[in-house]
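# Structure at a glance
Chain residues, written in single-letter form:
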Amino acid sequence: SIVEGPFTGQFGTWFVDEEDAKEVLIYRMSLVVAAVSMALGTGLALTSGASNTLGLDACAVSFLAAFGVSLQTIHIYMKP
């Protein structure tokens, strides 16, 4: 069902439905996880250096996974 709209854009009229709203929430939360992972990884690297490889690897994997989710759920509206 439609959550918001109609909106008039460069490529015509569009609506925000429940699926769009859910995907935007997932996109934003995945960016938060990616940012936190990057901050934690940077903090670990600066404080413990290369001695904490497990923690650095965990931060890198969580960053890459979250960033991948954000790339999958980003909304870029283009002319068909």
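Rules of the game
Residues numbered from 1 in each chain as written. Predicted model: local features only at pLDDT ≥ 70, side-chain atom pairs only at ≥ 80, totals over all residues. Heavy atoms only, no water. Helix = DSSP H or I, 4+ residues; strand = E, 2+ residues; numbered from the N terminus. Rg over C-alpha atoms; globule rule 2.2 N^0.38 Å. Patch = residues over 30% accessible without salt bridge, like charges linked within 9 Å, V, L, I, M, F, W, Y side chains within 5 Å. Areas by Shrake-Rupley, 256 points an atom, 1.4 Å probe, with all protein chains shown as cover. Salt bridge = Lys/Arg side-chain N within 4 Å of Asp/Glu carboxyl O. pLDDT = per-residue confidence, 0-100. Buried < 20%, exposed > 50% of the residue type's maximum accessible area, 1.4 Å probe, protein only. Contact = heavy atoms within 4.5 Å. Phe/Tyr/Trp six-rings, centres within 6.5 Å; stacked < 30°, edge-to-face > 60°.

### A short note on the overall build of the protein
- A tally of helices and strands in the protein yields two helices and two strands.
- When its helices and strands are written in sequence order, the protein yields β-β-α-α.
- Over its C-alpha atoms the protein spans a radius of gyration of 18 Å, topping by over 25% the 12 Å that the globule rule assigns to 80 residues.
- Dimensions along the principal axes, computed over C-alpha positions, put the protein at roughly 55 × 25 × 15 Å.

### Observations regarding a nonpolar patch on the surface
- A cluster of nonpolar side chains, contributed by Leu25, Met29, Val32, Val36 and Leu40, occupies part of the molecular surface with about 460 Å² of accessible area.
- Tracing the sequence through the fold places Val36 in helix H1 (residues 18–48).

### Concerning the confidence of the model for the protein
- Mean pLDDT for the protein: 90, with 95% of residues reaching 70 or above.
- Summarising per-element confidence for the protein, the mean pLDDT is lowest in strand S2 (residues 12–17) (87) and highest in helix H2 (residues 53–73) (96).

### Section: the pattern of salt bridges
- Following the criterion strictly, the structure yields one salt bridge and no others.
- Here Glu19 and Lys22 are joined by a salt bridge, their closest N and O atoms 3.8 Å apart. Taken as a pair, Glu19 and Lys22 lie in helix H1 at a separation of three residues, close to a single helical turn.
- Exposure remark for Lys22: the relative accessible area of 46% places this residue in the partly exposed category.

### Concerning the side chain of Ser37
- Within the fold, Ser37 resides in helix H1.
- For Ser37, the residues in contact, after removing those within four places along its chain, are Cys59, Ser62 and Phe63.

### Considering unusual backbone geometry
- In this structure, the amide linkage connecting Gly5 to the following residue, Pro6, adopts the cis form with an omega of 5 degrees.
- Here Pro6 lies in strand S1 (residues 2–9).

### Thoughts on the packing of aromatic side chains
- Applying the stated criterion across every chain, the model contains two aromatic pairs.
- Ring centres 4.7 Å apart and planes at 35 degrees place the aromatic pair Phe7 and Trp14 in the tilted group.
- When the ring of Phe63 is compared with that of Phe67, the centres are 5.8 Å apart and the planes differ by 5 degrees; the resulting orientation is stacked. One end of the pair, Phe63, and the other, Phe67, are both in helix H2, four residues apart, so they sit about a helical turn from each other.
- Its relative accessible area of 36% is what places Phe67 among the partly exposed residues.

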